[in-house]
Amino acid sequence: MPSRSDAAPARFLDLHVVQAVPFANLNRDDNNSVKTVRYGDTDRTRVSSQSWKRAIREYFQDSFGERALRTRRIGARVTRLLQEEHGWPEDLAQRAGQHVAAGSSIKFERAKDTPAVTTNAMVYVPESAVAELAALAVEHRDALAAGKDIKKSADKSVLPKDRIDAVLRGRNGVINLFGRMLAEVDDAGVDGAVQVAHALTTHPTDVELDYFSAVDDVTSAWGDTTGSAHMGTAEFSAGVFYRYATVDLADLARNLGGDLTAARELAEGFADAFLLSLPRAKKTATAPHTIPDLVHIAVRSDRPLSYAAAFEQPVRSHTDGGYAAPSRTALARYALAANRLLGGRGSLFTGWAGLEDRDLDGLGERTDSFPALITAALDTAYARPKVDA
C-alpha cells in the first residue's frame, strides 16, 4: 500500500462499488420504464446519479442527524410552523408565509386556487431555516397584521429582504457536501464537494415486462372469481451494478472554513451513506435491499479515477452462471492495469472489503468490514504531515 508523502496531500476519496441488485426498477423514466444506457455496444440498466444521490442524502440525513430542505414552498412550511408551534390564526399565518416567500431576492408567484406563494427557484436550506424564518415573522407580527395578502408579483413583503436572504444563505453538513445552486441570492451558491456517477450494469441486461392484476375483495367474497378489478404491466430488470463517487477533500475543507475535524466526519458519513443507500422506487413490490458485494476505496493526491472503463467490454457470466464474481475480478484487473499505467502516481491509499474468499490483486489492502475500510482510508487522508526535527 503506498504511503502518504508530505509533498502529496490527500485530495480525492474515490469510492468504487460492485453490487448485485435483484428484480427491481430502482429508477424510472417519464414513461415508468427502466432507465438504460448503451455502453460497449450493449444495452445496460442504468440508475441516474440524481436518483442515487437523493437516496444517499436521505440516508446521510437519517444517520448523521442533520437535515436540509429543498423546496419552492418555504412559505407554506413557515405557515404550518406558526400555526402548530406559535398558535397563530390561520389567516395571519398564511399571510406570514406569503410574505416570507415574497420577501427574498428570489422571484415568486401565487399558485392558482390557493393562497400559497411559491418561489420560482427551489431554495435549499438547513431545516432549521424554517424556525428562523418563523421567528422573523413573530418579530414583525404587528406589521404582518396591518399588511395585506400577497396577491400578485408587484406586491411587496413587509419583512426585511436582507434578513430573509441571510437565512437562505445558511448551510449545514448536507449542503457543504452536496452543494447548492441559488443564483438569485448573492453568495448563496455552494460548490458541491461530491461527484456521483450514473450507476450501470457491468453486463448486458434485458428489460422484463411484469403482468399483474388486482382482485376485488368484495367481488371475491361473493364467489365471483372471474376477471379482476385492475390489470397492468410494469418494467423491471436485474443485474450487477458498478457504482462510483468521489469526494473532493479540498473543496469540502474549503466549504467548512478549514475545519478538518468536521470535514472528516462529513466524508465518513458520506462514504457510509454511499455504500449502504438504495433508491426507493418500487420498493414495496420488489424489496431489493442488497448490500455491495465489493467496495474499493482509494485516496488520491492528483485527480479522481473512475474504473467504469473496466466494464466497457461487458462481463461474461461465470461458467456456473452469475455476473458478480467476474465483475469483481474485472474491477481488480483494471485497477491494477490502470495504476501500473500511471506509474503509481497519485495513489496514497488503496483498500477493499467484500464477499471474496480470495485476494484481489490491484485493490490494495483487504479489511474485514466496510467501517474498517472507511476508517483506514480516512486515517491516511487526514494524517498530519510529518515535521522534520
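Note: the structure precedes this text.
Keep in mind that what you see is a predicted model, and the values were worked out from it rather than measured.

Visitor: I'd like a rundown of the packing of helix H4 (residues 128–139) against helix H6 (residues 161–168), residues and numbers included.
Guide: It is the contact of H4 with H6, at a shortest axis distance of 9 Å, that shows an interaxial angle of 165°. Viewed along their axes, H4 and H6 adopt a mutual orientation that is roughly antiparallel. Crossing angle aside, the handedness with which H4 passes H6 is right-handed. Packed against H4, whose contacting residues are Ala129, Glu132, Leu133, Leu136 and Glu139, the element H6 presents Arg163, Ile164 and Val167 at the interface.

Visitor: Residue-level account of the pattern of salt bridges, with values.
Guide: Under the defined criterion, the tally for this structure stands at 16 salt bridges. Linking Glu58 and Arg280 is a salt bridge whose minimum nitrogen-to-oxygen distance equals 3.7 Å. Of this pair, Glu58 sits in helix H1 (residues 49–64) while Arg280 sits in the loop between helix H10 (260–276) and helix H11 (283–286), and the two are 222 residues apart along the sequence. Here Glu58 falls in the buried class, since its relative accessible area comes to 16%. With a closest N to O distance of 3.3 Å, Lys152 and Asp155 form a salt bridge. Taken together, the salt bridges that share partners define one network made up of Asp293, Arg328, Glu356 and Arg358.

Visitor: Pulling in residues and values, what's your account of empty space enclosed by the protein?
Guide: Under the counting rule described, the total for this entry stands at one cavity of 30 Å³ or more. Reported here for the largest cavity is a volume of approximately 80 Å³. As for the largest cavity, its lining consists of 13 residues, of which Ala24, Leu26, Thr45, Ser237 and Phe241 are closest to the centre. Secondary-structure elements contributing two or more residues to the lining of the largest cavity are strand S1 (12–24), strand S3 (42–47) and strand S11 (230–248). Here the residues of the lining of the largest cavity sort into eight nonpolar, four polar and one charged.

So, how was this worked out
- Residues numbered from 1 in each chain as written.
- Predicted model: local features only at pLDDT ≥ 70, side-chain atom pairs only at ≥ 80, totals over all residues.
- Heavy atoms only, no water.
- Axes fitted to C-alpha atoms, helices over the stretch in contact; angles between N-to-C directions.
- Helix = DSSP H or I, 4+ residues; strand = E, 2+ residues; numbered from the N terminus.
- Parallel < 35°, antiparallel > 145°, perpendicular 65-115°, else oblique.
- Left-handed = near helix turned anticlockwise from the far one by under 90°.
- Contact = heavy atoms within 4.5 Å.
- Salt bridge = Lys/Arg side-chain N within 4 Å of Asp/Glu carboxyl O.
- Buried < 20%, exposed > 50% of the residue type's maximum accessible area, 1.4 Å probe, protein only.
- 1 Å grid on protein atoms, 1.4 Å probe; cavity = no way out; pocket = protein on both sides within 12 Å on 5 of 7 lines; lining within 4 Å.
- Points joined across faces, edges and corners; volume = space filled by probe spheres on them.
- Nonpolar A, V, L, I, M, F, W, Y, C, P; charged D, E, K, R; others polar.

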